[in-house]
Amino acid sequence: MKESEIEASEVFAITDCGSTTTKAILIERVDGHWRQTYRGDAQTTVEAPSEDVTIGVRAALHDMQEACGRRILSEDGELLRPCRDGEGVDAYLSTSSAGGGLQMLVMGLVRRLSARSGEAAALGAGAIVTDVLAYDDLSSMAKQVERLRQARPDMILLVGGEDGGAVVQVVELAELLAAASTRSRTGESAPTPVVFAGNRDAAQAVSEQLGEGFELHVVKNVRPLVELEQLGPTREKIHELFLEHVMQQAPGYSRLSAMVDAPILPTPSAVGNMLRAAAKERRTDVVCVDIGGATTDLFSVCADRYHRTVSANLGMSYSATNVLVEAGLAQIRRWLPWPMDDGTLRNAVMNKTIRPTTVPDTMEELHLEQALAREAMRLAYDQHKRFATDLAGRVSERGFDSIFRAQGERSFVRPMDIGLFIGSGGVVSHAPRHAQAALMLIDSFEPEGVTAMAKDSIFMMPHLGVLASVCEEAALSVLEHDCLIDLCTCVAPVGEVRLGRPCLRFALTANGATEQGTLVWGELRRLDLFTGQWAELELVPVKGVNVGHGKGRPWQGKVRGGPVGLVLDARGRPLPAFDTPVSAQGATRHWLVALGAYTASELER
Amino acid sequence: MSRAAVSGLACGRHLVRRVRRLPVEGEVLVHAGELVSATAEVARAELPGGAESVRAAALLRISPKELARTMSVGVGAQVEEGTLLASSRELLGLIQRQVRSPCCGVLEAISSITGILRLRKAATRVSLFAYLPGAVKEVIPRRGAIIEADVELIQGIFGLGPEHIGPLRWLVDDPNSCASEDAFDESHRDAVIVVGRCASAKLLSRARELRVGAVVAGSAQGQSIVELAGREINPAVTVEEQRPPTVVLTEGFGEMAMGDRVFAQLRRLEGLIVSVSGATQIRAGVLRPEIIAPLGRDDVVATELRQAERVRIVRGDHFGRTGALVSCPAQVMEVGSGVRCLVFEVELETGLRVFVPRPNVERQ
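Residues numbered from 1 in each chain as written. Chains lettered and ligands numbered in written order. Predicted model: local features only at pLDDT ≥ 70, side-chain atom pairs only at ≥ 80, totals over all residues. Heavy atoms only, no water.

## Some thoughts on the pairing of strand β3 (residues 33–43) of chain A
Residues and elements named next belong to chain A.
Item 1. Of the strand pairs in this sheet, strand β2 (residues 21–30) and β3 are connected by ten bridges, and their pairing is antiparallel. Among the inter-strand pairings, I25 is bridged to a residue of β3, identified as R39.
Item 2. Once β2 ends, the chain turns through two residues before running back antiparallel as β3, passing D31 with a positive phi of about 50°. (Pairing = 2+ DSSP bridges. Helix = DSSP H or I, 4+ residues; strand = E, 2+ residues; numbered from the N terminus.)

## Focus on helix α12 (residues 342–354) of chain A
Residues and elements named next belong to chain A.
Item 1. Taking 1.5 Å per residue as the helical rise, α12 with its 13 residues ought to reach 18 Å, and the 18 Å between its terminal C-alpha atoms agrees with that figure.
Item 2. Within the span of α12, buried status applies to L345, R346, N347, V349, M350, N351, K352, T353 and I354.
Item 3. The residue sitting at the N-terminus of α12 and contributing the capping side-chain oxygen is D341; that oxygen lies 3.0 Å from the backbone nitrogen of G343. (Expected span 1.5 Å × (residues − 1). Buried < 20%, exposed > 50% of the residue type's maximum accessible area, 1.4 Å probe, protein only. Polar contact = N/O pair within 3.5 Å; in protein donor to acceptor, adjacent residues only side chain to side chain.)

## Here's the deal with the domain arrangement of chain A
Item 1. Domain boundaries in chain A define domain 1 (3–98), domain 2 (101–253) and domain 3 (271–492 + 575–594).
Item 2. For domain 1 of chain A versus domain 2 of chain A, the separation of C-alpha centres amounts to 36 Å. (Domains from an automatic or database assignment.)

## Let's talk about the side chain of A:E28
Residue and element names in this part refer to chain A.
Item 1. Note that E28 resides in strand β2.
Item 2. Polar side-chain contacts of E28 include one of 2.8 Å to the side chain of R70.
Item 3. Apart from residues lying up to four places away in sequence, E28 is in contact with E10, V11, H33, W34, R35, T37, Y38 and R70. (Contact = heavy atoms within 4.5 Å.)

## Thoughts on the interface of chain A and chain B
Item 1. Contacts between chain A and chain B engage 47 residues on the former and 55 residues on the latter.
Item 2. Between chain A and chain B lies a buried interface of about 4400 Å² when both sides are counted; carbon and sulfur atoms form 54% of it.
Item 3. Counting the surface chain A buries against chain B, the share from its top three residues, A:I354, A:R355 and A:D361, is 17%.
Item 4. Put simply, chain A and chain B have five salt bridges between them.
Item 5. If you list the elements that add at least two residues to the side of chain A that touches chain B, you get α4 (141–150), α5 (168–180), α6 (203–210), α10 (320–327), α12 and α13 (363–387) of chain A.
Item 6. Looking at the side of chain A that touches chain B element by element, the count peaks at eight residues for α12(A). (Buried area = accessible area lost by both parts, 1.4 Å probe. Salt bridge = Lys/Arg side-chain N within 4 Å of Asp/Glu carboxyl O.)

## Regarding the domain arrangement of chain B
Quoted interface sizes are often the accessible area lost when the parts come together.
Item 1. With domains assigned, chain B is organised as domain 1 (51–121), domain 2 (157–288) and domain 3 (310–363).
Item 2. The centre of domain 2 of chain B, based on its C-alpha atoms, is set 28 Å off from the matching centre of domain 3 of chain B.

## Description of the sheet that holds strand β7 (residues 155–158) of chain A
Residues and elements named next belong to chain A.
Item 1. One open sheet holds the five strands; their spatial order is β6-β5-β7-β8-β9, and the pairing between them is parallel. The open sheet is flanked by β6 (127–134) and β9 (214–218), the only strands paired with a single partner. Across the sheet, the mean angle from the axis of one strand to that of its neighbour is 25°, orientation sign disregarded.
Item 2. By the bridge criterion, four bridges tie strand β5 (residues 102–108) to β7 in an arrangement that is parallel. The residue of β7 that forms the bridge with L105 is I156.
Item 3. Packed onto the sheet, helix α3 (residues 111–124) meets β5, β6 and β7 and runs at close to 165° relative to β6.
Item 4. Here α5 sits on the sheet and contacts β5, β7, β8 (192–196) and β9; the angle it forms with β5, its principal contact strand, is near 135°. (Axes fitted to C-alpha atoms, helices over the stretch in contact; angles between N-to-C directions.)

Structure (structure tokens):
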């Protein structure tokens, strides 16, 4: 399909092939406005016995066809294109993270410099970075060779050395790869793709060193100077190789590639596209979490800089047991309103892992899933904050307009500056009540100051990301109208106040009526402020407490409502730790009821 | 009634194909059409040894370019541990430096850029057995073969441990009983033992002690599996857990009786030599643990449930219970957790009719 034809399209069918589920949505122009109208889903079918992703795609499209009550597919399961007389679609697009997504190994000279830039480039291209090897912390060459022998990445990124700088050490890294004969995940016989984005003077020697077992692609240096970072060319090459090699190896992807009207995007890459658009639209720092079955992705646009991290071992099904191991039983249990012994908790989580597609059928199971989600998101966010830091004296060009200088290594993700948190992924998007989703996000991210909390209504950020690649206007319109659901605005004062003592006075004015009051330390309260409603909020914190403009300084501004209204969260940051499981359960029960996630009677057993 | 696909583990007669593939190129010892036993060697290969790198130029305090002229052995030479690889002299021979081989192997490369010597250790022989008693359907040149057989295939939901071939034996008489660790004795060495409802940590430990080949149970406590593995594991991927005994769970973690159908099928295999694998991988090429015994041919399992078909519930208040499928409502419904999803209506054995999320139902 020609580019101009795609741009002129008025009805798009879009699928996202996830690890577990393939989700289809229909986006069309209705009365002159772009809207998401119907959806459908089906199990992803990259695994045996089907081993063809297009089977799941057609099933999801079929499900969507049943929902909208008009023909989209022909009798033999082919998409009807273009749309005629209300039947069929004009264009079909897709994203994918099925089959484990794009897995990459990064090798660099200095962990804090080139290796870090390499990792950022790989993550920015939508990859899961399975390992980072840096020359400056290689303990034993024999151990590293063994580590590389065991690795089975889809692709390797080799970086290091300024242009015109170190050659020998870069070639040594290539030598390690050659010694290990690292093979790609997709096959023993095919050469392993290696992207070299290091010192251009070392490219020839690296090529000679690697030999026939590798397919070398040389691109511009990610760190041509210590103080200059350029990630774009590497990202583009990774993306290109992903489409050419990795996707083609996955079961049924050659058929899927033939179905789509624009290149398939890796799911995280598509989500990143949409987050940038959301940050631009709302004019604030934005953080988004996408919690999936196998991984939890964090995206942020903070101080105009885009970062993405993938916590490859944190997720709600395949990786549920990893969350349990990493967080610990006690950390999971603190979010449960009822007691649960170690054995029962462990068994439940391990059963979810081996039957990843099951859904919680009882309240108890739902509480446990939401508890796991809190810990997975908390751990992933901690990793993200540690990663999203700058190095002293570095100049960066990461695809944004600004070129900046930072003064030291510190996280760009500063909670007080973040104006919007977006949660996506089944456990958040499909939470039965908005208040459950809101409290999960607040507990996990501990927002500070005044922050809007939203969720991706049916997890369509990936779909909109790939749509933006061909029709940005449609993607932005649907993002605001159908994708993001504003859950609430959260006000979280930060400081040190004795429990039960007043920490701020508030006045919320909407539709001419003002609600005033005093918030005490330790309290979690919800005020009504309806969806789409704007209100004037005035906050006067006590001395030593900050709500956004500094300690003791008042805050005034407009806030947006949502189904959970305005949340006043004076529980403190970090959230309080409790001495015993009983006291933690009591607090959790209290918080769940305060926010309307559950009624008190629902929590009685 | 609406149609709906359902997941389910194999339990019955199947035409099974298993790809037996060497990790590297090697020699295939069978030909297409040949009948093989489960223990027959089908292919073998020499697995290249690990590499050892020696920073020779740095140790000799010379430039990488000078390394070649200091070498005592050339590329391709077989060396023993301690063999002199290179040496240099300074101050008219008063200071002599030597680099000796840290291992036995072959000198593979001398780098004039990095000054590193690469040694390749001796290769290890890997042998691939057929695993299934059947016919060689296809030979994969230099890699292995595809073995095909009409078998009784019983898949578990979770397992760990290596492939094993041994006689199937029983320690219990009904699916709800649990064998105790005291029931094991020396005669169970290398056997595949069905232990009933639950495999306790003590039982698994005793099985290892007595070198039992494999343990098949309805369930086990998650903690017992962690103790057997000796570390925390992710049950989604156990392919790398290769320490015996092999464990196959048919229901999951906790305390659950073995499903009646699985129990009955296993019962029929008593005394037969079976092939067992504990490898579990929930994503990226799903692998479930399995027990395979030679038998006749049958049709491929249908993936769609039909009215009155027997099903089993695998989550929630009715976890482990079985019943008959009554209907597949087309509309989403709210279940006990408040989640809205597509459901099946199932009539339990007690006559009670319940609505269960579709992903939580398996064919029995």
